[in-house]
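# Report on the structure
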Amino acid sequence: MTSNTSPAIELRGAGKAFRTPSGALHTAVRDLDLTVERGEFVAVVGPTGCGKSTTLTLVSGLEEPTEGEVLVGGEPVGGIGGNVGFVFQQDAVFPWRTVLSNVMAGPRFRGVAKAEARERARDWLARVGLSAFEDRYPHQLSGGQRKRVALAATFVNDPGILLMDEPFSALDVQTRALMSDQLLDLWAGTGSSVVFVTHDLEESIALADKVVVMTAGPATVKEVFTIDLPRPRKVEEVRLEPRFVEIYREIWSSLGEEVRITRERGAAHAA
Amino acid sequence: MPPESVSLPAAGALAKPSDAAERSKARARAVRRRALLVNGARLLVLVLFLGLWEWFSRAGVIDKFNFSMPSEVYDQIRTWVMHGTAQGSLAEQIWATLQEALYGWVIGVAAGVLLGIALGRVRFLADVFGPYVKILNAMPRIVLAPIFLIWFGLGPASKVASAVVLVFFPVFFNAFQGAREVDRNLVANARILGASNRQVTFQVVIPSATSWIFTSLHVSFGFALIGAIVGEYIGATKGLGLMVSTAQGTFNSAGVYAAMVILAVVALIAEGLLTFLEKRLFRWKPAESGAR
């Protein structure tokens, strides 16, 4: 990091357009202005398929913006940075590696010695409660356990920036709440900045310091809400608080409109 | 027959738990009975086939000289085992063919995997070589065997070469496809975790392509045997293919069948070894539902 004063992530007028197989230009995101401070937990909500995930791929360096600038730690993103962690929506654990080997993968890719990598991996496996499963293969685990492997594999690299793309959307409701709490616990000690993409407004309020509402696609930032609920939070409890309900209503009045637009478009396509 | 009907007479007097135990025992019996039935039916088909063949041949329904019969084939195999063939002992012939097939297979697989993965990973290479590979694949490659005979002579080299060209293509295409169809999420994840291009190739692409490659290994060992046999058939000093051609030359139809039987046994053993190896390598894969 060059200077300690620059925000963790900054998007300035960033946009991304893809060439579709038929040759048409599809704009996923446009005019994105967004700042994520150091150590801040930002949730991005928007209607399904509006281009939220594209925002993450721009920050991660997996894709380059076609317009504008993306800065991480004050420097423009060029390729995949070593300081970034990414938790994907689908399972992205390596099926041919055991649980321990999966968590060791990151440090090993980065040239950490085997013994040290194993030690660090065991430490993170203990923190996600999977120590007893280190010799299993991913197909022998439940969906929630696999997600915890993915979390451990990401955190073991000690990323300053954590990008999460609807990581818990494939889990059942109870597992989801459990994982959210676990994520908050893991994150609390690290001081990293998080961008958490979701279409679930409840989840975003329960987790984040700041909720960014995106418009219907092509997506851009519509409104930013600060969540002033005290930490530490328990997601199951916090959603019963009157302040939570108040915030929910406030944000939904903004998000609901975009959801309706998306739905009407879908209906128009179907007709 | 439903298993319940077996346990029902006892059920009246017995308490519930032992009733359940009885039922599961009956179920196990039914499973065993079915396995016995299937194996019995298989044996019956074989006996029927061989019996009819023998009978037709002896009765003169089919021409004995052209079609031979199982007992003669058996005698021929016995003669070969006991007294050796015209070119030396039977084991020597089998080993010669196996060796050629094995060399051809190893070379073909190595080349196929290497080039398949290289072309699957590097778009430029795929674009340049793609059409040539297609042209070569469209050719009936078995006709190359006579050319190899001219190039490499009567020795094993010409058989190895024809085995190589037969093995290469299926392996190549599977490796290529395997490298192309790697889950993009896995690659993205590996890159985020810090993998270099090389590490992505060796630790993500190759492992996930192995199941594709292994499918082709099964088929391609059969191809390697075909390559070796055809090569020998056209011209050789040793091998099962030469035995077929000698038998044919002396109108010994039993000899042709006998060589075929030996070949089938060899191929089955090789197939079994490959399956065993595959099971050890793919412990990370979930067991297929319904598979035994």
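Residues numbered from 1 in each chain as written. Chains lettered and ligands numbered in written order. Predicted model: local features only at pLDDT ≥ 70, side-chain atom pairs only at ≥ 80, totals over all residues.

The name an unreviewed UniProt entry assigns to chain B is ABC transporter permease, from the organism Actinacidiphila acidipaludis. Here is the UniProt Sequence similarities (unreviewed entry) comment for chain B, exactly as written: "Belongs to the binding-protein-dependent transport system permease family." Listed under Subcellular location (unreviewed entry) in UniProt, the entry text for chain B is "Cell membrane". (UniProt positions renumbered as here; feature names shortened; annotations may be inferred.)

An unreviewed UniProt entry lists chain A under the name ABC transporter ATP-binding protein, with Actinacidiphila acidipaludis as the source organism.

## Things to note about the overall build of chain B
When helices and strands are counted, chain B shows 12 helices and 0 strands. Walking chain B from its N terminus toward its C terminus, one meets helices and strands in the order α-α-α-α-α-α-α-α-α-α-α-α. For chain B, whose C-alpha radius of gyration is 26 Å, the value lies well above the compact-globule estimate of 19 Å for 292 residues. Judged by the C-alpha coordinates and their principal axes, chain B covers about 80 × 70 × 30 Å. Long-range contacts, defined as pairs at least 24 residues apart, comprise 70% of the intrachain contacts of chain B with a sequence gap of at least 6. (Helix = DSSP H or I, 4+ residues; strand = E, 2+ residues; numbered from the N terminus. Rg over C-alpha atoms; globule rule 2.2 N^0.38 Å. Contact = placed C-beta atoms within 7 Å.)

## Description of the confidence of the model for chain B
Averaged over every residue, the pLDDT of chain B is 86; the share at 70 or more is 92%. The low-confidence segment residues 1-14 of chain B (pLDDT under 50) makes 12 contacts with residues lying over four places distant or belonging to another chain. (pLDDT = per-residue confidence, 0-100.)

## Observations regarding the nonpolar core
The biggest cluster of nonpolar side chains holds 126 residues, and the ones touching the most others in it are V103, A152 and V195 of chain A. With 14 residues, the single largest contributor to this core is helix α10 (residues 197-234) of chain B. Discounting residues that sit within four places of it in the chain, V103 of chain A has contacts with A121, W124, L125, V149, A152, A153 and V156 of chain A. (Core = buried A, V, L, I, M, F, W, Y, C linked by C-beta atoms within 7 Å. Buried ≥ 20, exposed ≤ 12 C-beta atoms within 10 Å, placed from the backbone.)

## Focus: the domain arrangement of chain B
Along its sequence, chain B is organised into domain 1 (4-67) and domain 2 (70-281). Here the C-alpha centre of domain 2 of chain B lies 37 Å away from the C-alpha centre of domain 1 of chain B. (Domains from an automatic or database assignment.)

## Thoughts on the UniProt feature "domain: ABC transmembrane type-1" (unreviewed entry) in chain B
UniProt records the feature "domain: ABC transmembrane type-1" (unreviewed entry) at residues 94-278 of chain B, using the numbering of this structure. Taken end to end, residues 94-278 of chain B is 88% helix and 0% strand, and its first and last C-alpha atoms sit 25 Å apart.

## Concerning the sheet that holds strand β2 (residues 25-36) of chain A
All names here are of chain A. The strand order across the open sheet formed by 4 strands is β2-β1-β4-β5, and the pairing between neighbours is antiparallel. With partners counted over all chains shown, the strands left at the sheet margins are β2 and β5 (75-76), one partner each. Across 5 bridges, the pairing between strand β1 (residues 9-19) and strand β4 (residues 67-72) is antiparallel. Looking at the pairing, I9 lines up with V72 of β4. (Pairing = 2+ DSSP bridges.)

## A few points about unusual backbone geometry
With an omega dihedral of -10°, the bond running from R231 of chain A to P232 of chain A counts as a cis peptide bond. Its location among the elements puts P232 of chain A in the loop between β10 (221-226) and α7 (235-238). In this structure, D31 of chain A takes a positive phi of about 40° despite not being glycine. Looking at where D31 of chain A falls in the secondary structure, it is placed in strand β2. With a phi close to 55°, S68 of chain B is a non-glycine residue in the positive phi region.

## Some thoughts on the environment of E40 of chain A
Residue and element names in this part refer to chain A. Tracing the chain through its elements places E40 in the loop between β2 and β3 (41-45). According to the C-beta neighbour criterion, E40 is partly exposed, with 17 such atoms within 10 Å. When the C-alpha atoms of E40 and L207 are compared, they prove to be 11 Å apart, with 167 residues separating the residues in sequence. Look past the residues within four positions of E40 in its chain and what remains in contact with it is S193, D209 and K210.

## Some thoughts on the UniProt feature "domain: ABC transporter" (unreviewed entry) in chain A
In the UniProt entry, the feature "domain: ABC transporter" (unreviewed entry) is given for residues 9-241 of chain A. As a span, residues 9-241 of chain A carries 32% helix and 27% strand, and end to end its C-alpha atoms are 31 Å apart.

## Concerning the interface of chain A and chain B
For an interface, size is often stated in terms of accessible area lost upon the parts coming together. Between chain A and chain B, the contact holds 21 residues from the first and 13 residues from the second. Every element with two or more residues in the side of chain A that touches chain B is listed here: β6 (84-87) and α2 (99-109) of chain A.

## Comments concerning the packing of α10 of chain B against helix α11 (residues 240-249) of chain B
All names here are of chain B. Orientation of α10 relative to α11, taken along the N-to-C sense of each, is 45°, at an axis distance of 7 Å. In this view, α10 runs oblique relative to α11, as classed from their interaxial angle. Handedness of the α10/α11 crossing: right-handed. Contact residues: A228, I229, V230, G231, E232 and Y233 in α10; L240, G241, L242, V244 and S245 in α11. Looking at side-chain class alone, the contact of α10 with α11 contains 7 nonpolar, 3 polar and 1 charged residues. (Axes fitted to C-alpha atoms, helices over the stretch in contact; angles between N-to-C directions. Parallel < 35°, antiparallel > 145°, perpendicular 65-115°, else oblique. Left-handed = near helix turned anticlockwise from the far one by under 90°. Nonpolar A, V, L, I, M, F, W, Y, C, P; charged D, E, K, R; others polar.)

## Regarding helix α7 (residues 144-152) of chain B
Residue and element names in this part refer to chain B. Here α7 has its buried residues at L144, A145, F148 and L149. Down the axis of α7, the sector holding all buried residues measures 150°, keeping them to one side. The exposed residues of α7 that point more than 90 degrees off its buried face are I147, I150 and W151. Elements that come into contact with the buried residues of α7 comprise α8 (156-180) and α10. Just past α7, the residue G153 takes up positive phi, approximately 85°. (Arc of directions from axis to C-beta.)

## Notes on the packing of helix α5 (residues 90-121) of chain B against α10 of chain B
Residues and elements named next belong to chain B. Axis separation between α5 and α10 bottoms out at 8 Å; the angle between their running directions is 145°. Helix-helix and strand crossings are classified by hand; for α5 and α10 the assignment is right-handed. Partitioning the contact of α5 with α10 into residue classes produces 15 nonpolar, 6 polar and 3 charged.

## Topic: the sheet that holds β10 of chain A
Residues and elements named next belong to chain A. Spatial strand order, β6-β7-β8-β3-β9-β10: 6 strands in an open sheet with mixed pairing. Two strands close off the open sheet at either side, each with one partner strand: β6 and β10. In this sheet, neighbouring strand axes are inclined to one another by 15° on average, regardless of whether the strands run parallel or antiparallel. Note: β6 against strand β7 (residues 161-165), 4 bridges, orientation parallel. Paired with V84 across the bridge in β7 is I161. Strands β6 and β7 of the sheet are contacted by helix α4 (residues 143-155), whose axis makes an angle of about 175° with β6.

## Examining the pairing of β7 of chain A
Consecutive residues of a regular strand have side chains that alternate between opposite faces of the sheet. All names here are of chain A. The buried count for β7 comes to 5 of 5 residues, which makes it a mostly enclosed element. The pairing of β7 with strand β8 (residues 193-198) spans 5 bridges and is parallel. Across the sheet, residue I161 finds its bridge partner in β8, namely S193. With helix α5 (residues 173-188) bridging β7 and its parallel neighbour β8, the resulting β-α-β unit is right-handed. (Right-handed = clockwise from strand over helix to strand, strands pointing away.)

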